[in-house]
Amino acid sequence: MESKKEDVRRKHIRLHMEGALTARDKVGVQDFVLLDAYTSESAFVDNLRKRFNENLIYTYIGTLLVSVNPYQELGIYTVSQMELYQGVNFFELPPHVYAIADNAYRMMCSELNNHFILISGESGAGKTEASKKILQYFAVTCPMTQSLQIARDRLLLSNPVLEAFGNARTLRNDNSSRFGKYMDIQFDFQGIPVGGHIISYLIEKSRVVYQNQGERNFHIFYQLLAGGEEERLAFLGLERDPQLYKYLSQNLFGIIASVLHLGNIGFEEDDQGCATIPDTHEIKWIAKLLGVHPADLLEALTHRKIEAKTEEVICPLTLELSVYARDAMAKAVYGRTFTWLVNKINSSLVNKDFTRKTVIGLLDIYGFEVFDKNGFEQFCINYCNEKLQQLLIERTLKAEQAEYEMEGIEWEPIKYFNNKIICDLVEERHKGIISILDEECIRPGPATDLSFLEKLEEKVGKHAHFETRKLAGPKGRKRIGWMEFRLLHYAGEVTYCTKGFLEKNNDLLYRHLKEVLCKSKNVILRECFLRAELENRRRPPTVGTQFKNSLSSLLEILISKEPSYIRCIKPNDRKEPSKFDDFLIRHQIKYLGLMEHLRVRRAGFAYRRKYEHFLQRYKSLCPDTWPHWHGPPAEGVERLINYMGYKPEEYKLGKTKIFIRFPRTLFATEDALEFCKHQLVARIQATYKSCLGRREYVKKRQAAIKLEAHWRGALARKAIQRRKWAVRIIRKFIKGFISRNKPLCPDNEEFIVFVRKNYILNLRYHLPKTVLDKSWLRPPGILENASDLLRKMCVRNLVQKYCRGITAERKAMMQQKVVTSEIFRGRKDGYTESLNQPFANSRINEGDINPKVLQLISHEKIQYGVPVIKYDRKGFKARQRQLILTQKAAYVVELAKIKQKIEYSALKGVSTSNLRDGILVIHVSPEDKQKGDAVLQCGHMFEAVTKLVMLVKKENIVNVVQGSLQFFISPGKEGTIVFDTGPEEQIYKNKNGQLTVVSVRRKS
Ligand SMILES: Nc1ncnc2c1ncn2[C@@H]1O[C@H](COP(=O)(O)OP(=O)(O)OP(=O)(O)O)[C@@H](O)[C@H]1O
Ligand SMILES: [Mg+2]
C-alpha cells in the first residue's frame, strides 16, 4: 500500500519534471532566473501575468518564491499536494509554498541548523495565508508522536486567537494583521515539532480609538459583542480553541469590554475650562470591569499629577487632554493585554525539554507601505522593510558568493544598491531620525511635530535620501507638504506627514492613570501594569526606540539562520480573482526589490545543477553517456557538453556543479532533449518489449523444463516403484517356490495361495467337455487331493448333465445296447464296429408288411421287423423273408404268408457264431411240433438278436459258438453249420451237406 502510494507520487514528480521546463512557452518560466530579458521589468510582469492567468500563482527567483494572491480557492493546498512535495528536490516540482517549507525543513534536518522564512508583501498580498499554509504543511507532513501532538495543535491554534486580537478589517484586507509576527517552530532531532515561540511587533494600538472610514476595530470587539455569532466564529475559528480560552473568562473579556466603555465616556468643559464627566455610568462599568475604584478612575481621567520637588500636585486636565488621557488609557490597556496574550500563548508553547532543538522561524511582517498619507506607522513599517532588505541583500549576495567560492568559480561582484545608508539615516545613534524624534519628545519646552521637522531639516537635511518642502528644489516642492518629509527608500520615495509623530512616539500614559491601573483587581491587568514600573522613575523608551531595538534583535535572530524568502504580491485593489493590475503589480515588484534580487541571482549564472542531476537528465543527448556513464559525473557532464557544443563562455564547471550562464543554453539543451526523447522512447519501448518477450519466453521455457523434469521424475519413481515391487514379488515367488513343499509358513504362504489360485483359475479353461474326455490338468503336488476331488465332482457333474440330456427313446436304445453288450462283448467279431450304429425301432415300415400278415397278427402289436435271408434247413437254399417280432412270438413272413411262427414260450435259444457273419439260429423246442429251428442271416444281427432276447425276456438264451453248431431240423434230425474264416465272405453247402459260412477276419 505504502509503496504503491510512493509510486504514484514518483510518477507525479516525473511528470512535473518533464513538464516543468518544456511547458515554459505556454506559461512563461517558472523561475525568473531563466528569463532571457532579466533586466526588463515588462518581461518580468509579462511572465507573472502569463502564469497568473493560468492560475499559476507561484514563481521562483532562484530559491525566492514570488506569490500572487489569487483571491480564490485553487485547490492546490490538499494533503495529496503536501505529500507530493515532501522530500522532493526543490526544482523538480513546480514552484509552491510547500516546496519552500519542505526545502527549509529538509535542510534543517540534514544540516541541523536553523532557518527562517521571511514572508513580506503589502497588506492583503497573502502573507498570513502563506504562513498558515506553511504551518499546516509542517503539521501534516512532519513526523509526529502522540504526546507531541499537543505542541503541534497549540502552534496551529494560537493563530486564530492572535488573529482575533491583532487582526482587523481594513480597506485593503478583511483580515489584516495589525502587528508583525515572528513565530519560531522548534523541532527536535527527529524533526518532530515540539514547541514554539512568538514575538509580536508594533501592534497598531491607535486602531482601538480611531479607525479610518470603512475600516473596523480589532475583530475581538465584534466577536465579543456578537457573542460568538456562528459565522464569525467559524471565520476566525474561535470555538475550536477552548484550551487557550480557559483563562480568558471574565478577566479578559472584562478588559475588552472596558475598552469599549472607555470610548463612550463623554467629557464636558466646566467654567474653568477643566474637563468633567457628567455621566458616570460608563465610569462605573469600567471601574467594575477593571477592578478599580470609580472615584480614582474618574479623577485620573480628568486630572494630572504633577510632581514638584517634594510633593505631588494634582491639577485638572483640559478637555482635550482628558480625551487624550482616555484614549491613551484605551490604547495602553489593549496594547498591553495583547502583549500579555502573546506571552500567555508562548508559555503554553514552551517546550521544557532542554535537548538541542532546531527551529524554523516564520516572519509574517508588514510589507513596504506607501499611502497618500503616510504617518508614524508607515515610517516604522518602511524602516523595518529597509532593514529586512538589507538582510536579504547581504544574505543573498553572501550565499551566492559563498557558493561560487565553494565551487571554485571566478565571480565578478555585481553592483547593487546597498541600502545601509538609508537604514543609517533612520536609526543611527544621535544622528538618525529616530534619535532626533526621541530628543524632540523629551526636550523641555514646547516640542511639536513641526519643530521635529525643523530639527530633521537641520540635522539630516543634507542626506541624499532625505527631502522636505524646504529642501527640495522648485520642482519637488509642489509635491511635498509643509508638515511632510520625504525619504528615498530603496523601494522608492515615500512622503511622511509628521503630524502625530511625537505623540505616537511618546505613547504617553499619564502616571496618574498608571497608578490606578496598577492597583487593579483584574488579574490580567495587574500583570500588564506592574508596580515596579511606577517605582522606576526613568522615562520608558519611546515607541520608535523600542521598535528599533526589537528590529535589531529580530535581525540578530534572523542573521544566525538560513533564509528563505516569500514575496507576496497583490494583483488588484478590489480583492477580486483573475484581475491583474499591471500598474499595481509593477509598483510592488519595485518595492519588493524583485528586479534587484533577480539581477543579483543572474549576475552569476542563470542555472546551476549538481553534476549527478544534470547528467541524469541530459545523459541521453550524448552517446558516451547514454545509457550509463560509469565514470565520475563531472567527467560525464564535460563529455556531454563538449558533444553538445557548449561554448566556453556559456558555462563553468565547479567542484560539484555545472554553472550555465544563459538560459538560452539550457533551453537549447532542453529542446535537444525533447527531440531526442521520441527516439529514445521508441528504443526503450523496443528494448523493453523484447525484454518482456524474452522474459516471458524464458519463464515458459523454465516452466516447461520444470514440468518435464517433474514428470520424468514421477515416471522414474513409478518405474522404480514397479521394479521394486516386481523384485519383491519375484523374490517372494522364488522363496515360495523353494519352500513350496514345506509346511505352510510365511515364506511359502503367498506362493501357495498363488499356485492354488493359479491352478484353479487355469483349470476352468481346461475342464473336460464331455463324459468321455478323460483329460485333466496336471495339479501341483500340494493340490493332488483337491484335484482328485474336483475331478470326481467334475465327472459326476458331466455324467449328471449327460444323463439329464438323454431322451427316453435313446435310453431305451442304450438299454438295448447294454443288453447287446452283455451278450456279445468279447465274444463275437464285429461287435465293436456295431457299437456306433444306433439301433432302429424297426427296419421294416408297417406299410412294407403285407396286409394279410398284418391281418393275421392284428391282435398282437408288432415290436420289430427286419428283412432276413432264410436258409432252408435241408437244402440251405437262401430265401428272402421278413422277421417280425411281436410281444408274444417271432414270425418269419414270406409276402402274405406266415412261414413260421415261433412262440416265445417255445423258443429254446438263439445261436450265433463268434465270427463276423450275420447268421443266427432260433432254436425251438421239438415238442412244440414246430417246423424246426430257423436259420436266418440278418444285416442287423446284433439288433435283431437283442430285440428278440429282450422280448423273450430271457437273457441267457443266446449262445455264441465257435467252429460249428447243431440245429434241429426235425425230430431226430439235426443239421450243422460250420463257421470259418477266409479271404472273402461266402455261404455255401459243403460236401458234407453242412452249411459253411466263411467270414473275413479283420483285426478290430
Ligand atoms: N494563497 C491564497 N489562496 C487563496 N486566497 C488567498 C491566498 N492568499 C491570500 N488569499 C486571500 O487574500 C486575503 C488576504 O490575505 P492575508 O490576510 O494573508 O494578507 P496579508 O498579506 O497577511 O495582509 P495584511 O498585511 O493586511 O495582514 C485572504 O483573506 C484570502 O482571502
Ligand atoms: Mg496578515
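What you see is a predicted model, and the numbers here were worked out from it, not measured in a lab.

It is worth spelling out the site of ligand 1 at this point. Taken together, the neighbourhood of ligand 1 is formed by 17 residues, with Ser-123, Gly-124, Lys-127, Thr-128 and Ser-176 sitting nearest. The separation between an oxygen atom of ligand 1 and a polar side-chain atom of Ser-123 is 2.6 Å. Listing elements by their share of the shell around ligand 1, those giving two or more residues are helix 6 (127–141) and strand 5 (176–177). In terms of residue count, the dominant contributor to the shell around ligand 1 is helix 6 (three residues). For the shell around ligand 1, the residue count by class is four nonpolar, ten polar and three charged.

Before going further, it helps to spend a moment on the domain arrangement of the protein chain. For the protein chain, the assigned domains are domain 1 (1–213 + 346–381 + 549–606), domain 2 (217–336 + 511–537), domain 3 (382–503), domain 4 (748–804) and domain 5 (813–1000). Each of domain 3 and domain 5 has a C-alpha centre, and the two are 183 Å apart.

Okay, the side chain of Lys-357 next. Relative to the helices and strands, Lys-357 resides in the loop between helix 15 (319–349) and strand 12 (358–364). Separated by 2.3 Å, the side chain of Lys-357 and the backbone oxygen of Asp-353 make a polar contact. A distance of 3.1 Å separates the side chain of Lys-357 from the backbone oxygen of Thr-355, its partner in a polar contact. Those residues in contact with Lys-357 that sit more than four places away from it in its chain are Asn-114, Gln-186, Phe-187, Asp-188, Val-194 and Asn-351.

Time to look at the confidence of the model for the protein chain. Across the protein chain, the average pLDDT comes to 86, with 94% of residues at or above 70. Element-level mean pLDDT values for the protein chain span from 37 in helix 11 (residues 242–245) up to 95 in strand 2 (residues 64–68). In the model, residues 17–25 has pLDDT below 50 throughout and makes 18 contacts with residues more than four positions away in sequence or in other chains. Contacts of residues 232–249 to residues separated by more than four positions or lying in other chains number 31 contacts, the stretch itself having pLDDT below 50.

Given 3.6 residues per turn, any residue in an α-helix points the same way as the ones three and four places further on. In this model, helix 6 (15 residues) spans 21 Å end to end at C-alpha, consistent with the 21 Å of a helix rising 1.5 Å per residue. Counting buried residues along helix 6, twelve of its 15 residues qualify, which places the element largely inside the surrounding structure.

Here we take up the state of the cysteines. Scanning all chains against the criterion turns up zero disulfides. Cysteine Cys-528 shares no disulfide, and the gap to the nearest cysteine sulfur, in Cys-518, comes to 10 Å. The exposure class of Cys-528 is buried, given its relative accessible area of 10%. Of the cysteine sulfurs around Cys-794, a residue in no disulfide, the closest is that of Cys-803, at 14 Å.

A few words on the pattern of salt bridges. Tallying each qualifying case throughout the model produces 48 salt bridges. Of the charged contacts, one joins Asp-174 and Lys-575 as a salt bridge, the two residues approaching to 2.7 Å between their closest N and O atoms. Placement of the pair is Asp-174 in the loop between strand 4 (167–168) and strand 5 and Lys-575 in the loop between strand 16 (562–569) and helix 26 (582–591), with a sequence separation of 401 residues. Taking the relative accessible area as the measure of exposure, Asp-174 reaches 37% and is therefore partly exposed. A cluster of three or more residues bridged by salt bridges with shared partners is formed by Glu-129, Lys-132, Lys-133 and Glu-163.

Let us now look at the coordination of the magnesium ion (ligand 2). For the magnesium ion (ligand 2), the full set of protein donor atoms is Thr-128 (OG1) and Ser-177 (OG), at a range of 1.8 to 2.1 Å. With a gap of 49 residues between them, Thr-128 in helix 6 and Ser-177 in strand 5 connect regions that are remote in the sequence. Neither residue differs from the other here; Thr-128 and Ser-177 are each classed as buried.

Bringing the UniProt feature "binding site: ATP" (unreviewed entry) in the protein chain into the picture now. Taking the numbering used here, the UniProt-annotated feature "binding site: ATP" (unreviewed entry) corresponds to Gly-121, Glu-122, Ser-123, Gly-124, Ala-125, Gly-126, Lys-127 and Thr-128. Structurally, the position occupied by Ser-123 is in the loop between strand 3 (115–121) and helix 6. For Ser-123, a relative accessible area of 8% puts it in the buried group. At 3.4 Å, the side chain of Ser-123 forms a polar contact with the side chain of Ser-176. Along the chain, Ala-125 turns up in the loop between strand 3 and helix 6. A relative accessible area of 1% means that Ala-125 is categorised as buried.

On the basis of which strands lie adjacent, the open sheet formed by eight strands has the order 23-22-21-20-26-25-24-27 and mixed pairing. Strands with a single pairing partner mark the edges of an open sheet, and in this sheet they are strand 23 (897–903) and strand 27 (958–961). Between one strand axis and the next, the sheet turns through 30 degrees on average, direction left out of account. As defined by bridge partners, strand 25 (residues 919–924) adjoins strand 26 (residues 934–938) across four bridges and the pair is classed as antiparallel.

With that settled, consider unusual backbone geometry. Each neighbour pair has its own omega, and for Trp-626 with Pro-627 the value is 0 degrees, a cis peptide bond. In this structure, Pro-627 sits in the loop between helix 28 (611–618) and helix 29 (633–644). Of note, the phi angle at Asp-507 is positive, near 50 degrees, even though the residue is not glycine. In this fold, Asp-507 is placed in the loop between helix 21 (501–506) and helix 22 (511–518). We classify Asp-507 as partly exposed; its relative accessible area is 28%.

Moving on to the nonpolar core. The biggest cluster of nonpolar side chains holds 180 residues, and the ones touching the most others in it are Leu-48, Phe-138, Phe-165, Met-329, Phe-485 and Phe-614. Examining the composition of this core, we find that 13 residues originate from one element, helix 15, more than from any other. Core analysis: the second largest hydrophobic core is formed by 32 residues, Tyr-831, Cys-938, Val-945 and Val-949 among them.

The full count for this structure, using the stated rule, is 33 aromatic pairs. Pairing Phe-32 with Phe-44 gives two aromatic rings, centres 3.8 Å apart and planes at 5 degrees, and the pair type is stacked. Within this pair, whereas Phe-32 is found in the loop between helix 2 (24–27) and helix 3 (41–53), its partner Phe-44 is found in helix 3, the two being separated by twelve residues in sequence. The pair Phe-32 / Phe-44 is uniform in exposure class, with both members buried. Where Phe-737 meets Phe-751, the ring centres are 6.0 Å apart and the plane angle is 80 degrees; that geometry is what we call edge-to-face. With Phe-737 in helix 30 (residues 663–738) and Phe-751 in helix 31 (residues 746–763), this pair connects stretches of sequence that are 14 residues apart. Among the residues examined, Phe-751 registers a relative accessible area of 8% and is labelled buried. Put simply, the rings of Tyr-77, Tyr-85, Tyr-98, Tyr-105, Tyr-137, Phe-138 and Phe-187 pair up and form one aromatic cluster. The ring of Tyr-77 carries Lys-133 above its face, with NZ or CZ at 4.5 Å from the centroid. Across from the ring centre of Phe-737, 4.0 Å away, lies the NZ or CZ of Arg-740, which sits over that ring.

Our focus in this paragraph is a nonpolar patch on the surface. Together, Ile-730, Ile-734, Phe-737 and Ile-738 give the surface a local cluster of nonpolar side chains, amounting to about 410 Å² of exposed area. Here Phe-737 falls in the partly exposed class, since its relative accessible area comes to 42%.

Rules used in this analysis
Residues numbered from 1 in each chain as written. Chains lettered and ligands numbered in written order. Predicted model: local features only at pLDDT ≥ 70, side-chain atom pairs only at ≥ 80, totals over all residues. Heavy atoms only, no water. Near = heavy atom within 4 Å. Polar contact = N/O pair within 3.5 Å; in protein donor to acceptor, adjacent residues only side chain to side chain. Helix = DSSP H or I, 4+ residues; strand = E, 2+ residues; numbered from the N terminus. Nonpolar A, V, L, I, M, F, W, Y, C, P; charged D, E, K, R; others polar. Domains from an automatic or database assignment. Contact = heavy atoms within 4.5 Å. pLDDT = per-residue confidence, 0-100. Expected span 1.5 Å × (residues − 1). Buried < 20%, exposed > 50% of the residue type's maximum accessible area, 1.4 Å probe, protein only. Disulfide = S-S within 2.5 Å. Salt bridge = Lys/Arg side-chain N within 4 Å of Asp/Glu carboxyl O. Donors = N, O, S within 2.8 Å, 3.2 Å for Na, K, Ca; no water. UniProt positions renumbered as here; feature names shortened; annotations may be inferred. Pairing = 2+ DSSP bridges. Axes fitted to C-alpha atoms, helices over the stretch in contact; angles between N-to-C directions. Core = buried A, V, L, I, M, F, W, Y, C linked by side-chain atoms within 4.5 Å. Phe/Tyr/Trp six-rings, centres within 6.5 Å; stacked < 30°, edge-to-face > 60°. Lys NZ or Arg CZ within 6 Å of the ring centre and 35° of its normal. Patch = residues over 30% accessible without salt bridge, like charges linked within 9 Å, V, L, I, M, F, W, Y side chains within 5 Å. Areas by Shrake-Rupley, 256 points an atom, 1.4 Å probe, with all protein chains shown as cover.

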